[in-house]
Amino acid sequence: MRKIISLNDNWKFCQNDQVSNVNLPHTWNAVDGQDGGNDYFRGTCRYVRMLEKPQMEAGSRVFLEIKGAAMSAGVSLNGKELAFHRGGYSTFRTDLTEHLVSGGEGAANELIITVDNSDNDVVYPQKADFTFYGGLYRDVNLIIVPETHFDLSYCGAPGIKVTPTVNLEKKSASVRVETWQTGGNVTVTVDGQSRTVRSENGYASAEFVIENVHLWDGVQDPYLYMAKAVLDSGDEVSARFGCRTFEIDAQKGFFLNGRSYPLRGVSRHQDCKGAGNALTMEHHKKDMEIVREIGANTLRLAHYQHADEFYDLCDENGILVWAEIPYITMHMKNGRENTLSQMEELVAQCYNHPSIVVWGLSNEITAASAVNEDLLENHRLLNELCHRMDQTRLTTMANVFMLETDSPILDIPDVNSYNLYFGWYLGELEQNEEFFDEFHEKYPDRPIGFSEYGADANPRFQNSHPEKGDYSESYQALYHEHMLDMIEKRPWLWATHVWNLFDFAADGRDEGGKHGENQKGLVTFDRQTKKDAFYLYKAAWNKEPMVHICGSRYVDRTQEVTEIRVYSNAEEVSVYVNGTLFQTLQAHRVFCFQVPLAEKEAEYRIEARIQTPDGTVSDAIVVRSVREENPEYLFAKKQDVVNWFDQDEFDPGCFSVSDTLADLRANPEAGAIVNQMMEKGAASRGDVAEAVKDNPGLQRMMGRMTLISLLKQAGEIDEESIRQLNRILQKIKKA
Ligand code: GCB
């Protein structure tokens, strides 16, 4: 029998000279990692705990298991260094047996875990758009096993590996169970069948056939089997597994168990307001509840290995997962070994999860790095590692939009994917479909996916004329209306993932009325507010009848006739104004009602209703007809800048904000002014914007845009400053 003892309580946490008592999970950046300024503590802290030598039978061994120490950690016991681990997102263990002493009374052993999240050029991530929380932010356990036991020393892996191979025609699955142990006989049980095999050189393998196999069939029926292995000594390990097949076809997209099953979903970061990354099971469950509510069938668990409990939840809920390592933004020539060790741990630790279908090699790695031989080699090695360790899954990578599609890096993973932000950072919404259609036509044999897209929204901001860059909930909703339509028309996109389901901490950001947050979430960082765009996807993906009225936070309205947008999966929606039927419309998902608000200073209760076999489902908001625009709704008091220049006299022989960036930059004087502005803009969007701003692909695309369109989307400039800038540019003669 093995015994697991939680060591989550009673730690002394030492940061600089300060000592406090903490329980795990714990991060030291829960506050400063979320409040902006890019000034959160990155350094070394110590967790100290006294430990009693547990009661053990002769020959037993005791391992320390650390399920997450960000980003690097050293373990010492009674002053002796026992282990050092690089990588903040995976489990590691160390054997304490020979080093524990039994004191006369109480706990006699001092365990010190020195955790470090300072910057360096070896351990990923170092440059990315999220906070690199430091801490002992997952469980820490002691595991006591008998002398003959399943292996605990390889890569934090469970010591049991289950590989089901499904034959859909025969409705059967053959299941190979492999175990690693110190010796003895292993009895493996799967689906009521048992086999006993002898361990040879620490390895044993048993094969089973399951007839009439019950498939693990996505969200509809995520059926799990259990494989159990027991040694003569009584040590036992088990793993749940699922029987499923999947394929990715360049023309037809994703197939689960032989049928078309386009992967449509969202991404998730593992952090939450106030808690940082020190999440509890309640946090994980809450997140999964929201994933189920929106009706997603896939998750991209970005940008690193998530807690094992969360992959478990994905298994149980039938969510197909893209799992990845934090090889992100910037290739580091000293980081190769770390990418390989993080990948090895990810695959070894997560292999049994049926939810996982692809391993992500990297994310936007060419954003701040050139595609050179070292970077290519690093990817080839990662790709080979994944295939060597796992013949059942595919590899992929998330490419940055400015990576040319003929780059040799696209040949490396099994399937391709791009992150595109046209319609947000840069360019127009339609460029998204143009990009994919072109790719699909040019490379008909290459599966292509859409690994990220999104727009920031602070639900405080509302706009009756939503515009890119206004950070309004209204623009985010419109943006996603476009994207969802474009995705539905392209079933060959093997997976699509909204960036992001939740707002998350990026301490380097300072924009959209908030410090330290990326606000592309469909749900706020505290999980309390579901933005309107959330319900758009819910209308598309979830099967339960639903209706949602947009604009519940847009109470004060000046228009005589206001647009009420309703999202629903019903064919017909009726709107009632103050209890009286106003109109019934038939549409697909998005229903637009033009509701007159004739009387000023009056309140209107607007209710949308749908009929279902079980009765009426409804949603209601209250709006107020007012004379003055509520300034709270506007981001940075930015006014309408559409007609900014036609009042001033305009000299076409001189530069203006209507010129393209490339034209302005071709002139040294105008170029200097523009570059200075761009620097400032990049700084407010955080580290990554800073790092990528010199990327030649990005520069080329920006070169084609007019300065005014770039300024409008950057948002943080008022009308007067634009006029001022224009006046300055008008003094510079074009050649
Ligand atoms: C990306 C990155 C992601 C960022 C996102 C953004 O492409 O992969 O980590 O958070 O863009 O919001 O800019």
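Owing to the predicted nature of the structure, the values given are computational and were not obtained by experimental measurement. Counting of residues starts from 1 at the beginning of each chain's written sequence and follows it residue by residue. Whole-chain, interface and lining totals are the exception, using all residues; otherwise, since this is a predicted model, local features are given only for residues with pLDDT of at least 70 and side-chain atom pairs are given and counted only at 80 or more. Note: side-chain values were computed over all heavy atoms of the structure, leaving out hydrogens and water.

S.K.: Explain the overall build of the protein chain here, please?
M.R.: Helices and strands together make up the secondary structure of the protein chain, namely 13 helices and 43 strands. Seen along its three principal axes, the alpha-carbon backbone of the protein chain occupies a region of about 90 × 60 × 55 Å. Taken over 735 residues, the protein chain has a buried fraction of 58%. Residue contacts are counted whenever heavy atoms from the two residues lie within 4.5 Å of one another. Of the contacts made within the protein chain by residues no fewer than 6 positions apart, 69% connect residues no fewer than 24 positions apart. Only carbon and sulfur atoms are counted for the fraction: they give 47% of the accessible area of the protein chain, which is about 29600 Å². Going along the chain from the N terminus, every DSSP run of H or I of four or more residues is numbered as a helix, and every run of E of two or more is numbered as a strand. Residue exposure (1.4 Å probe, protein chains only): buried if accessible area is under 20% of the type maximum, exposed if over 50%, otherwise partly exposed. The Shrake-Rupley method, run with a 1.4 Å probe sphere, supplies the accessible areas, and residue values consider only the shown protein chains as cover.

S.K.: I keep staring at the site of the ligand and nothing clicks. Help me out?
M.R.: Residues are counted as near a molecule or strand when any one of their heavy atoms sits within 4 Å of it. If you check the shell around the ligand, you find 13 residues, and the closest are Asp 129, Glu 364, Tyr 425, Glu 452 and Lys 520. Two N or O atoms form a polar contact when they lie within 3.5 Å of each other; inside protein one atom must be a possible hydrogen donor and the other a possible acceptor, and for residues adjacent in sequence the pair counts only when both atoms belong to side chains. Take Trp 499: an N or O atom from its side chain is 3.0 Å from an oxygen atom of the ligand. Between the ligand and Lys 520, the relevant distance is 2.5 Å, taken from an oxygen atom to a side-chain nitrogen or oxygen of the residue. For the ligand, the accessible surface in isolation is 320 Å², of which the surrounding protein chains cover 93%. Lys, Arg, Asp and Glu make up the charged group, whereas Ala, Val, Leu, Ile, Met, Phe, Trp, Tyr, Cys and Pro make up the nonpolar group; the residues left over, Gly among them, are polar. The residue inventory of the shell around the ligand, partitioned by class, reads four nonpolar, four polar and five charged.

S.K.: Can you help me understand the packing of helix 5 (residues 430-442) against helix 6 (residues 473-488) in this one?
M.R.: The relative placement of two packed helices is expressed as an angle between their axes plus a distance between the axes. To obtain an axis, a line is fitted to C-alpha atoms, over the contacting stretch when the element is a helix, and the angle between two such axes runs from 0 to 180 degrees between their N-to-C directions. Close contact between helix 5 and helix 6 brings their axes to 9 Å; oriented N to C, the two are set at 20°. Taken together, the axes of helix 5 and helix 6 lie roughly parallel to each other. For the crossing formed where helix 5 meets helix 6, the hand is right-handed. Contacts from Glu 430, Asn 432, Glu 433 and Phe 436 of helix 5 reach helix 6 at His 482, Met 483 and Met 486. Split into classes, the residues belonging to the contact of helix 5 with helix 6 amount to three nonpolar, two polar and two charged. Roughly parallel refers to an angle under 35 degrees, roughly antiparallel to one over 145, roughly perpendicular to one between 65 and 115, and oblique to any angle outside these ranges. Left-handed describes a crossing in which the near helix is turned anticlockwise from the far one by less than a right angle; the clockwise case is right-handed.

S.K.: Teacher, can you tell me more about the pattern of salt bridges here?
M.R.: A side chain with one charge can pair with a side chain of the opposite charge if their charged atoms come near. Here, a salt bridge means any side-chain nitrogen of Lys or Arg that lies within 4 Å of a carboxyl oxygen of Asp or Glu. Inspection of every chain in the model, using the stated rule, returns 41 salt bridges. For Asp 235, the salt bridge identified is with Arg 2, shortest N-O distance 2.8 Å. Here Asp 235 is found in the loop between strand 21 (225-231) and strand 22 (236-241), whereas its partner Arg 2 is found in the segment before strand 1 (3-6), with 233 residues between them in sequence. Note that Arg 93 is salt-bridged to Glu 65, the shortest N-O span being 2.9 Å. Within this pair, whereas Arg 93 is found in strand 10 (residues 92-95), its partner Glu 65 is found in strand 6 (residues 61-66), the two being separated by 28 residues in sequence.

S.K.: Mind showing me how you'd approach the domain arrangement of the protein chain here?
M.R.: The figure often quoted for interface size is the accessible area lost as the parts come together. Where each domain begins and ends is defined by an automated method or by a domain database. Entries for the protein chain in the domain assignment read domain 1 (3-145), domain 2 (160-245), domain 3 (247-543), domain 4 (556-633) and domain 5 (647-729). Spacing between the C-alpha centres of domain 1 and domain 2 amounts to 33 Å.

S.K.: Help me understand a negative patch on the surface, please; the structure alone is not making it clear to me.
M.R.: Like-charged residues are merged into a patch within 9 Å and nonpolar side chains (Val, Leu, Ile, Met, Phe, Trp, Tyr) within 5 Å, provided each residue has over 30% relative accessible area and no salt bridge. Only four residue types enter the charge count, namely Lys and Arg as positive and Asp and Glu as negative; His and the chain termini do not. Charged side chains are reduced to one point each, which is NZ for Lys, CZ for Arg, CG for Asp and CD for Glu. Where like charges cluster on the molecular surface, the negative patch consists of Glu 430, Glu 434, Glu 438 and Glu 441. Tracing the chain through its elements places Glu 438 in helix 5.

S.K.: Would you explain the environment of Arg 195 in this entry?
M.R.: Looking at where Arg 195 falls in the secondary structure, it is placed in strand 17 (residues 193-198). Residue classification places Arg 195 among the partly exposed residues on the basis of a relative accessible area of 32%. Along the backbone, Arg 195 and Ala 229 are 34 residues apart, and their C-alpha atoms lie at a distance of 9.5 Å. Apart from residues lying up to four places away in sequence, Arg 195 is in contact with Val 186, Thr 187, Val 188, Ala 206, Glu 207 and Phe 208. Within the local environment of Arg 195, its side chain forms a polar contact with the backbone oxygen of Glu 207, the two atoms lying 2.8 Å apart.

S.K.: Please clarify how the side chain of Gln 181 should be interpreted in this entry.
M.R.: Relative to the helices and strands, Gln 181 resides in the loop between strand 15 (172-180) and strand 16 (185-190). Here Gln 181 falls in the buried class, since its relative accessible area comes to 5%.

S.K.: In this structure, what is going on with the nonpolar core? I would like to understand it.
M.R.: One broad rule of soluble globular proteins: the nonpolar side chains tend to lie buried together. Among buried residues, those of type Ala, Val, Leu, Ile, Met, Phe, Trp, Tyr and Cys that are joined through side-chain atoms within 4.5 Å constitute a nonpolar core. By size, the foremost hydrophobic cluster in this structure holds 111 residues, and its most contacted members are Phe 436, Leu 501, Leu 522, Leu 707 and Leu 729. Looking at which domains feed residues into this core, each of domain 3 (247-543) and domain 5 (647-729) gives three or more. Beyond its immediate chain neighbours, meaning those up to four positions away, Phe 436 contacts Tyr 418, Leu 420, Ile 448, Gly 449, Phe 450, Met 486, Trp 492 and Leu 493. Judged by nonpolar contacts, the second largest core, of 27 residues, contains Cys 45, Leu 111, Ile 113 and Ile 144.

S.K.: I tried to follow the sheet that holds strand 4 (residues 26-27) on my own but got confused; where do I start?
M.R.: Whenever strands of a sheet pair, they do so through backbone hydrogen bonds, lying parallel or antiparallel. Being paired, for any two strands, means DSSP has found at least two bridges between them. Strand order in the open sheet formed by three strands is 4-12-7, and the pairing between neighbours is antiparallel. Each edge of the open sheet is held by one strand with a lone partner, namely strand 4 and strand 7 (69-70). Looking at chain direction, strand 4 and strand 12 (residues 135-136) are connected through two bridges and run antiparallel. Each residue of the ladder has a partner; that of Thr 27, found in strand 12, is Gly 135.

S.K.: Could you clarify how one ought to interpret the packing of helix 1 (residues 281-294) against helix 2 (residues 308-317) in this entry?
M.R.: Their axes nearest at 10 Å, the elements helix 1 and helix 2 cross at an angle of 35°. Here the hand of the crossing between helix 1 and helix 2 comes out right-handed. Taking contact as the criterion, the partners of Met 281, His 284, Lys 285, Asp 287, Met 288 and Arg 292 in helix 1 are, on helix 2, Glu 309, Phe 310, Leu 313, Cys 314 and Asn 317. Each residue belonging to the contact of helix 1 with helix 2 can be placed in one class, and the counts come to five nonpolar, two polar and four charged.

S.K.: Is there a simple way to think about the packing of aromatic side chains in this case?
M.R.: The description of an aromatic ring pair uses the distance of the two centres, along with the angle that the planes make with each other. Whether two aromatic rings pair depends on their centres lying within 6.5 Å, for rings of Phe, Tyr and Trp, where Trp uses its six-membered ring; planes under 30 degrees apart make the pair stacked, over 60 edge-to-face, and the rest tilted. Applying the stated criterion to the full structure yields 31 aromatic pairs. Note on Trp 424 and Tyr 471: the rings are 5.3 Å apart at their centroids and 90° apart in plane angle, and the pair reads as edge-to-face. You can see Trp 424 sitting in the loop between strand 31 (416-419) and helix 5 and its partner Tyr 471 sitting in the loop between strand 32 (448-452) and helix 6, a full 47 residues away along the chain. Grouping residues by exposure puts Trp 424 and Tyr 471 together as buried. An aromatic cluster is present here, built from Tyr 418, Phe 435, Phe 436, Phe 439, Tyr 443, Phe 450 and Tyr 453 joined pairwise through their rings. Geometry around Tyr 351 places Arg 393 over its ring, the cationic atom sitting 5.4 Å from the centre. Remark: a charge is flagged as sitting over a ring if the NZ atom of Lys or the CZ atom of Arg is within 6 Å of the ring centre and within 35 degrees of the ring normal. Just above the ring of Tyr 576 sits the side chain of Arg 609; from NZ or CZ to the centre is 3.7 Å.

S.K.: Honestly, the sheet that holds strand 21 in this entry has me stumped. Any pointers?
M.R.: With antiparallel pairing, the four strands of this open sheet are ordered in space as 17-16-21-22. If you trace the sheet from one side to the other, it starts and ends with strand 17 and strand 22, each paired once. Taken over all neighbouring pairs, the strand axes of this sheet differ in orientation by 20° on average, direction set aside. Relative to strand 22, strand 21 is paired through six bridges, and the arrangement is antiparallel.

S.K.: Just checking my understanding: could you explain the layout of surface pockets for this structure?
M.R.: Taking a probe equal in size to a water molecule and rolling it over the atoms shows the remaining empty space. The calculated volume of the second largest pocket comes to roughly 740 Å³. Using a grid of 1 Å spacing that covers the protein atoms alone, one calls a set of points a cavity when a 1.4 Å probe fits there but cannot get out, and a pocket when the set is open and has protein on both sides within 12 Å along at least five of seven lines; lining residues are those with an atom within 4 Å of a point. Residue lining of the second largest pocket: 31 residues in total, with Lys 67, Arg 93, Pro 158, Ser 238 and Asp 308 positioned closest to the centre. At the level of secondary structure, the elements contributing two or more residues to the lining of the second largest pocket comprise strand 13 (140-145), strand 22, helix 2 and helix 3 (336-350). For the lining of the second largest pocket, the element with the most residues is strand 22, which contributes five residues. Grid points are joined across faces, edges and corners, and a volume is the space filled by probe spheres set on the points.

S.K.: Just to check I follow, could you spell out unusual backbone geometry for this structure?
M.R.: In most cases, non-glycine residues show a negative phi, while peptide bonds are predominantly trans. In this structure, Pro 25 follows Leu 24 across a cis peptide bond, with omega equal to 0°. Looking at where Pro 25 falls in the secondary structure, it is placed in the loop between strand 3 (18-22) and strand 4. The omega angle of the peptide bond from Ala 302 to His 303 is -15°, so this bond is cis rather than trans. Inspection of the secondary structure assignment puts His 303 in the loop between strand 27 (298-301) and helix 2. A positive phi is found at Lys 171, a non-glycine position, where the angle reads about 55°. Here Lys 171 lies in the loop between strand 14 (160-167) and strand 15.

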